[in-house]
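Geometric and topological summary
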Amino acid sequence: EGVVQGQTWHIGSLRWMQELGVPVLPAAAANAGPLAQRALALQQEGFTVSAVAGPTPQGLRVLALLAFGDEPKPGAREALAALKARGIRTVMISGDNRGAAEAMARRLGLDPAAGEVMAEVLPGDKAAQIQLLQRGNAANVKSGAGSAPQPRIVAMVGDGVNDAPALAAADVGMAMGNGTDVAMHAAGITLMRGDPMLVAAALDISRRTVAKIRQNLFWAFFYNVAGIPLAALGYLNPVVAGAAMALSSVSVMANALLLKRWRM
């Protein structure tokens, strides 16, 4: 909102225009003027539409439209396909209008009809949407007819200031390394590059690391469970016991070093 030559002009979203009392899109399609028809067409093409409202003899009116189009990050579609192949459900949370958000979702391989798009979400509401997903009762994420909400473990990926509350609210927050500092501070994981494929890679190496920890704990307990009773009964020579403990440490270290063979 600003004053130009003594007259107040407004530039903003269609929702704000409605709050100002100068809606672009009429309630009935039959009443749609040229600007309204153009706004609808742009939204259906996947653009985010803003309006310019200025003074006229009839009062404040929308005089022009601004259309903004997003391009997906290179490799984003492949990254989402990799997550889907691992059995991970993906949902896009966007502040754009529903037409633009759903058009982008289709380009990325997401299915708006299956509830994989949350559109027109204000910055302050992203964390609340994450909490709804965690409880399994998000209104537009379908879990099957008649089925009770199922709690979910939710990972949030973002890079902006507005994403920080959602990154903190998620079970796992992942920030892009080329994003804002506040996003990286709020997230539990920072991906070193702005490459969406790193999300699947981070989940993969995390699973492998947890598997190695469990394997190492098993072998550590195995050596002790087997060795302590033998030592207590006098069947285990101290030299052999010392060698077994050294072998335990070596086997644990060698097993952990096998993670170096992991590749994306």
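For the structure given in this document, a descriptive report is provided here. What you see is a predicted model; the values in this text were computed from it and never measured.

In terms of regular secondary structure, the chain is built from 9 helices and 9 strands. A compact globule built from 264 residues would reach a C-alpha radius of gyration of about 18 Å, whereas the chain, at 27 Å, exceeds it by more than 25%. The dimensions of the chain, computed from C-alpha atoms along their principal axes, are 105 × 45 × 25 Å. Scored against the burial criterion, the 264 residues of the chain give a buried share of 31%. For the chain, restricting intrachain contacts to residue pairs at least 6 apart in sequence, the fraction spanning at least 24 positions comes to 49%. Within the structure as shown, the chain displays about 15,900 Å² of accessible surface, and the carbon and sulfur contribution to it stands at 60%. For the chain, the separation between the mean place of its 23 positive charges and that of its 18 negative charges on side chains is 11 Å.

Below, the discussion takes up the packing of aromatic side chains. Throughout the structure, instances matching the rule amount to 3 aromatic pairs. Between phenylalanine 218 and phenylalanine 222, the ring centres sit 6.2 Å apart and the planes meet at 25 degrees, which makes this aromatic pair stacked. You can see phenylalanine 218 and its partner phenylalanine 222 sitting in helix α8 (residues 197-232), 4 residues apart, about one turn around the helix. A ring pair is formed by tryptophan 219 and phenylalanine 222, whose centres lie 5.6 Å apart and whose planes are at 85 degrees; its orientation type is edge-to-face. With tryptophan 219 and phenylalanine 222 both in helix α8 and 3 residues apart, this pair spans about one turn of that helix. Through a chain of ring-to-ring contacts, three or more aromatic side chains come together here, namely Phe218, Trp219 and Phe222.

Within the secondary structure, asparagine 255 is located in helix α9 (residues 238-257). If we ignore the near neighbours within four places in the chain, the residues touching asparagine 255 are Lys212, Gln215 and Asn216.

What follows is about unusual backbone geometry. In most cases, non-glycine residues show a negative phi, while peptide bonds are predominantly trans. One non-glycine residue, glutamine 5, lies in the positive phi region at around 50 degrees. Looking at the secondary structure, you find glutamine 5 in the loop between β1 (2-4) and β2 (7-13). Positive phi, normally seen in glycine, also occurs at glutamate 120, with a value near 55 degrees. Along the chain, glutamate 120 turns up in the loop between β6 (117-118) and α5 (126-135).

If you walk across this open sheet you meet the 4 strands as β1-β2-β3-β4, and the pairing is antiparallel. Lying at the two open borders of the sheet, with one neighbouring strand each, are β1 and β4 (59-68). Within the sheet, the average angular offset between the axes of one strand and its neighbour, ignoring direction, is 30 degrees. Relative to strand β3 (residues 48-56), β2 is paired through 4 bridges, and the arrangement is antiparallel.

Sheet architecture is open: 3 strands sit in the order β7-β8-β9, paired in parallel fashion. A strand with exactly one partner marks an edge of an open sheet, and here the two such strands are β7 (155-158) and β9 (189-191). Along the sheet, successive strands turn relative to each other by an average axial angle of 20 degrees, direction set aside. Where strand β8 (residues 172-176) lies against β9, 3 bridges are found, and the strand directions are parallel. Each bridged residue has a counterpart across the sheet, and for alanine 175 the counterpart in β9 is threonine 190.

Turning next to the packing of helix α3 (residues 76-85) against α8. Remark: α3 packs on α8, axes separated minimally by 7 Å, with the N-to-C direction vectors making an angle of 30 degrees. On the basis of the axis angle, α3 is roughly parallel to α8. Contacts between α3 and α8 involve Glu78, Ala79, Ala82 and Leu83 from the first element and Met197, Val199, Ala200 and Leu203 from the second. By residue class, the composition of the contact of α3 with α8 is 7 nonpolar, no polar and 1 charged.

Nonpolar side chains collect at one region of the surface, where Ile213, Leu217, Phe221 and Val225 lie side by side and expose about 420 Å² of accessible area between them. With respect to the helices, strands and loops of the structure, isoleucine 213 is situated in helix α8.

It is characteristic of soluble globular proteins that their nonpolar side chains tend to be buried jointly. Grouped together as the largest cluster of nonpolar side chains are 19 residues, with contacts concentrated most on Met92, Leu108, Val117 and Leu191. Elements represented by at least two residues in this core include exactly α3, α4 (98-107), β8 and α8. Residues in contact with leucine 108, not counting those within four places in the same chain, are Pro72, Ala76, Arg77, Leu80 and Met92. Listed in part, the 13 residues of the second largest apolar core include Ile93, Met156, Ala166 and Leu167.

Moving on to the side chain of threonine 48. Secondary-structure assignment places threonine 48 in strand β3. What makes threonine 48 buried here is its relative accessible area of 18%. Within the local environment of threonine 48, its side chain forms a polar contact with the side chain of aspartate 96, the two groups lying 3.2 Å apart. Apart from the residues within four sequence positions on either side, threonine 48 is in contact with Leu66, Ala67, Phe68, Asp96, Asn97 and Ala100.

Scoring rules and cut-offs
Residues numbered from 1 in each chain as written. Predicted model: local features only at pLDDT ≥ 70, side-chain atom pairs only at ≥ 80, totals over all residues. Heavy atoms only, no water. Helix = DSSP H or I, 4+ residues; strand = E, 2+ residues; numbered from the N terminus. Rg over C-alpha atoms; globule rule 2.2 N^0.38 Å. Buried < 20%, exposed > 50% of the residue type's maximum accessible area, 1.4 Å probe, protein only. Contact = heavy atoms within 4.5 Å. Areas by Shrake-Rupley, 256 points an atom, 1.4 Å probe, with all protein chains shown as cover. Lys, Arg positive; Asp, Glu negative; His and termini not counted. Charge placed at Lys NZ, Arg CZ, Asp CG, Glu CD. Phe/Tyr/Trp six-rings, centres within 6.5 Å; stacked < 30°, edge-to-face > 60°. Pairing = 2+ DSSP bridges. Axes fitted to C-alpha atoms, helices over the stretch in contact; angles between N-to-C directions. Parallel < 35°, antiparallel > 145°, perpendicular 65-115°, else oblique. Nonpolar A, V, L, I, M, F, W, Y, C, P; charged D, E, K, R; others polar. Patch = residues over 30% accessible without salt bridge, like charges linked within 9 Å, V, L, I, M, F, W, Y side chains within 5 Å. Salt bridge = Lys/Arg side-chain N within 4 Å of Asp/Glu carboxyl O. Core = buried A, V, L, I, M, F, W, Y, C linked by side-chain atoms within 4.5 Å. Polar contact = N/O pair within 3.5 Å; in protein donor to acceptor, adjacent residues only side chain to side chain.

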